[in-house]
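The lines below spell out each chain.
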Amino acid sequence: EGDFSCQREIASVLQYVEMLVLWAKELSDCNKLLEEQVGEFKKAHSTGDERELMMKISKLLSNIVTKRCIQQLQLSRPQGAELLQWMRENGLICFARVFAKNGLHSLEHVANLDQQDCENLTVSLENLGSVGKRIELQIAVQNLQGDIRAKDMNYRLQRFSDCQIPFWSAWSSAGAVEVLLTKSYVQLLSFVLGMSLIVSTLYSLASVCMPDSLGIARSTAPPTLVRLTRWPLNLFEGLLWLKTVYDARMKCPMAACGVATFNLRLMTINLYIQVLLEVKNSLSGDSSQSCPGSIWQGVLLQDTLALPVMTLISYGCSNRQRQLLSFLWIIGCYLLLVAVPIYWNQHMFKALVGAVLGAGLVILYLACKCIGWVVLKNQLWKEEQDAKEYRREWESQLQQEGNNELIARLKSDVDRIDKVIKEQFQRCFAAASKTGNWRLRSLFAEPVGRFSCVGKVRQCTNDFGHLFSEASSINDHFHEFMSELLQNKFCGGVNFNKAAMAGDDQVREKLSFLQSASMLGEVKVDLCDKLIFVRGPIKQPERAIQKCVRAYGRDPACLTDLVRASVVVETLEQVGEVMRFLERSSVVGADSYVKEACQGDADSEGAEETVYFRMTRVKNTFDDTREDTSAGLTLKTLSINLEVGWIFENDKCKILPVDDWVLKTAETHICELQIHLLPLFQKHHEMMKHFVQNRNVLAR
């Protein structure tokens with residue numbers, strides 16, 4: 001607001017603006033835009049239009065600070081992208097600086113604002129029509145109250161419903177039971193099943209206990225054991241099926257799935273009891289005491305053959321939901337091959353019902369498989385052109401001299417690491433189950449220790465909200481530490497951006513999409529003469545919830561890619577160098593003592609590195625023998641899960657070596673680092689749109 005008519009003051013302000021522009025270049029890739037701004041400032045200075053100069057300076061300052069806040073929200077805050085989307089939807093993007101300054105980093109925080117808070121936030125805005133913006137903010141906050149995005153993270157995970165997934169593709173999801181329970185026809189079948197169990201049980205009870213005057217045909221009272229087991233269990237099962245329908249419609253699929261799984265196990269126990277009663281009566285030779293009206297009409301052979309099928313379904317559904325369609329196919333074959341022949345001469349109607357139901361389940365299995373195959377082939381046809389270009393570029397890499405040997409060596413290194421982790425997995429399950437038969441335990445049991453039932457090393461916490469809190473705490477510090485670690489190793493300690501100034505224009509031409517993404521604040525790019533380090537955003541809650549439900553059966557600890565970054569190198573030799581450097585800087589697996597066991601086999605180039613990480617998983621898709629089943633095309637990357645430990649000292653984050661984690665009670669979190677090949681990286685980005693489409697089609 002001062003008087004800037006003096007040319008000397010104007011010159012000093014212009015110098016300050018140029019310094020500000022140089023600083024802004026380090027925050028983003030919009031160099032050309034900033035250079036144009038400098039030219040306009042100089043032009044305004046030469047014409048003596050000081051007021052225009054100051055207006056442009058003010059606008060530049062506002063844009064730089066706003067862009068920095070938007071970049072921080074998108075990169076460092078788990079719900080930052082959702083907050084920015086909400087602000088854009090309601091025309092409140094001007095509040096980005098104010099929200100960041102006041103620590104409002106999520107819609108959950110914004111939803112708690114009252115009228116006075118909105119007024120205080122609006123006061124901070126200048127020349128933006130404060131009254132109108134205050135009213136718009138208040139209305140938007142009121143409309144936010146019923147938005148699921150404004151709820152607690154654990155609540156969002158609990159209430160998540162995948163009702164949009166088509167019926168035929170639900171079977172490929174780990175949350176298959178939840179998806180099916182959201183379908184109205186499945187709810188109708190569950191309701192009919194529950195009512196039939198209740199009505200049949202009450203009718204059986206009435207036929208024994210009611211007087212003749214009521215007109216109900218009396219029947220012989222079943223044995224006492226039957227009355228104490230079959231009737232109460234059947235009645236309870238019917239009520240549970242009705243509760244399953246109620247929870248699916250009024251609460252959430254997660255609660256309905258829990259009730260349905262418990263009910264299936266209860267039905268299995270009921271079946272075991274009926275088989276024991278049948279065996280008892282058969283051994284006693286009293287055929288009159290056979291359990292009439294039992295689940296399988298007292299046929300001992302049928303009951304015995306049904307036991308493994310029911311056991312597999314009731315206990316397998318909790319950890320093997322992707323095999324649910326196969327389970328139903330087994331039931332269909334069982335009905336056609338076992339139940340129908342048994343009932344054919346005894347009860348023709350039951351035989352026909354069993355035949356129709358069995359044929360229906362077999363046809364359902366074949367139809368879902370055929371539809372899935374047709375849709376996936378159609379999806380692959382759509383991406384065929386991009387896939388050809390990607391394969392062509394990869395084949396050209398394979399034709400280069402020495403690359404096949406490099407891929408073989410990389411495969412050998414990854415297999416060695418996988419072997420160490422697999423051995424730890426086996427030891428963990430053997431110790432937990434007191435037996436060496438860990439495969440049987442992994443079929444039915446919940447995850448044990450740091451390992452899931454399929455051998456993946458999990459996060460230390462199973463709390464979904466706490467995982468995002470950890471990710472928010474370590475995201476920027478992990479990126480900064482990893483960037484500095486790689487530049488010291490591969491760039492001779494020279495700053496990334498300084499080392500790449502000579503070839504900056506060529507790199508930007510190859511990776512134009514990174515420039516646009518950086519301008520939008522979606523990523524932050526560090527350039528070096530040998531590699532490019534891309535700081536990615538924290539995985540957004542919506543996708544994290546989808547992955548947790550579809551891929552991991554609602555086990556949040558299996559989410560190991562909330563914090564992620566990418567390294568782009570020029571050659572396959574550099575891919576191996578980065579991987580082996582990270583291995584020397586890591587303990588392989590979840591056991592601290594494995595470092596010495598496998599270090600002798602690892603590449604030992606250079607001096608011994610300080611061990612900062614645990615390397616918990618390596619996924620190598622440069623190996624053509626391994627296919628990425630979630631996409632129609634194998635995207636060539638090397639994905640490494642690294643567990644990092646840290647503490648805060650004097651409000652500063654300090655990354656600790658592995659040996660100090662226990663001593664200093666460090667917090668730990670598993671992050672993901674992807675290593676890409678530069679010639680494929682641009683096309684990899686283009687193929688990601690097809691990858692996302694396939695992922696949604698296949699419910700992954």
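Since the structure is predicted, the reported quantities are computational estimates derived from the model, not experimental observations. Numbering of residues begins from 1 in every chain and follows the order in which that chain's sequence is written. Totals for whole chains, interfaces and linings use every residue, but because this is a predicted model, local features are given only for residues with pLDDT of at least 70 and side-chain atom pairs only at 80 or more, for both listing and counting. The side-chain values count all of the structure's non-hydrogen atoms but skip hydrogen atoms and water molecules.

### A short note on the overall build of the chain
Stage number 1. Scanning the chain from N- to C-terminus turns up 27 helices and eight strands.
Stage number 2. Each residue is placed in one exposure class: buried if its accessible area under a 1.4 Å probe, protein chains only, is under 20% of its type's maximum, exposed if it is over 50%, and partly exposed if it falls in between. Put simply, the chain has 700 residues, and 50% of those count as buried.
Stage number 3. Expressed as a percentage of contacts within the chain between residues at least 6 apart in sequence, the contacts between residues at least 24 apart total 70%.
Stage number 4. Surface accessibility follows the Shrake-Rupley procedure with a 1.4 Å probe radius. Residue values consider only the protein chains on display as shielding. Total accessible area on the chain stands at roughly 34500 Å², and carbon and sulfur atoms take up 56% of it. Strands are runs of DSSP state E lasting at least 2 residues, helices are runs of H or I lasting at least 4, and numbering of each runs from the N terminus. Contact definition: two residues touch when any of their heavy atoms are within 4.5 Å.

### A word on the pairing of strand S1 (residues 524-527)
Stage number 1. Residues Lys-524 and Asp-526 of S1 are buried on one face, and the alternating residues Val-525 and Leu-527, pointing to the opposite face, are buried as well.
Stage number 2. Two strands qualify as a pair provided that DSSP identifies no fewer than 2 bridges between them. Note: S1 against strand S2 (residues 531-535), four bridges, orientation antiparallel. Note that in S2 the partner of Asp-526 across the bridge is Phe-533.
Stage number 3. In sequence, S1 turns back onto S2 through a hairpin of three residues.

### Structural notes on the packing of aromatic side chains
Stage number 1. Stacked, edge-to-face and tilted are the three classes for Phe, Tyr and Trp ring pairs, Trp counted by its six-membered ring, which pair at centre distances within 6.5 Å; planes under 30 degrees apart are stacked, over 60 edge-to-face, the rest tilted. Considering all chains together, one arrives at nine aromatic pairs under this definition.
Stage number 2. Their ring planes at 85° and their centres at 5.7 Å tell us that Phe-490 and Phe-581 sit as a pair that is edge-to-face. Taken as a pair, Phe-490 in helix H20 (residues 464-490) and Phe-581 in helix H25 (residues 572-584) lie far apart in primary sequence, 91 residues in all. Both residues of the pair, Phe-490 and Phe-581, belong to the buried class.
Stage number 3. What links up through ring pairs into an aromatic cluster is the set Phe-481, Tyr-612 and Phe-613.

### Comments concerning the side chain of His-676
Stage number 1. Counting through the fold element by element, His-676 comes out in strand S8 (residues 667-677).
Stage number 2. Residue His-676 is classed as buried on the basis of its relative accessible area, which comes to 3%.
Stage number 3. The contact partners of His-676, leaving out residues within four places of it in the chain, are Ser-566, Val-567, Val-568, Val-569, Thr-637, Phe-681 and His-684.

### Looking at the environment of Glu-108
Stage number 1. Counting through the fold element by element, Glu-108 comes out in helix H6 (residues 107-110).
Stage number 2. In this structure Glu-108 touches Arg-149, Ala-150, Lys-151 and Asp-152, once residues within four positions along its chain are discounted.

### Notes on the pairing of strand S7 (residues 652-656)
Stage number 1. Across five bridges, strand S6 (residues 638-649) lies against S7 in antiparallel orientation. In the sheet register, Glu-649 faces S7, and the bridge partner there is Lys-652.
Stage number 2. Hairpin connection, S6 to S7: the antiparallel pair is bridged by two residues, and Asn-650 has positive phi, about 55°.

### A short note on helix H24 (residues 541-550)
Stage number 1. Of all 10 residues that make up H24, nine are buried, and the element is covered over most of its length.
Stage number 2. By the burial criterion, the buried members of H24 are Pro-541, Arg-543, Ala-544, Ile-545, Gln-546, Lys-547, Cys-548, Val-549 and Arg-550.
Stage number 3. Elements in contact with the buried residues of H24: helix H4 (80-89), helix H9 (153-159), helix H10 (176-181), H20 and helix H27 (678-697).

None of the figures reported here should be taken as evidence of function without further support.
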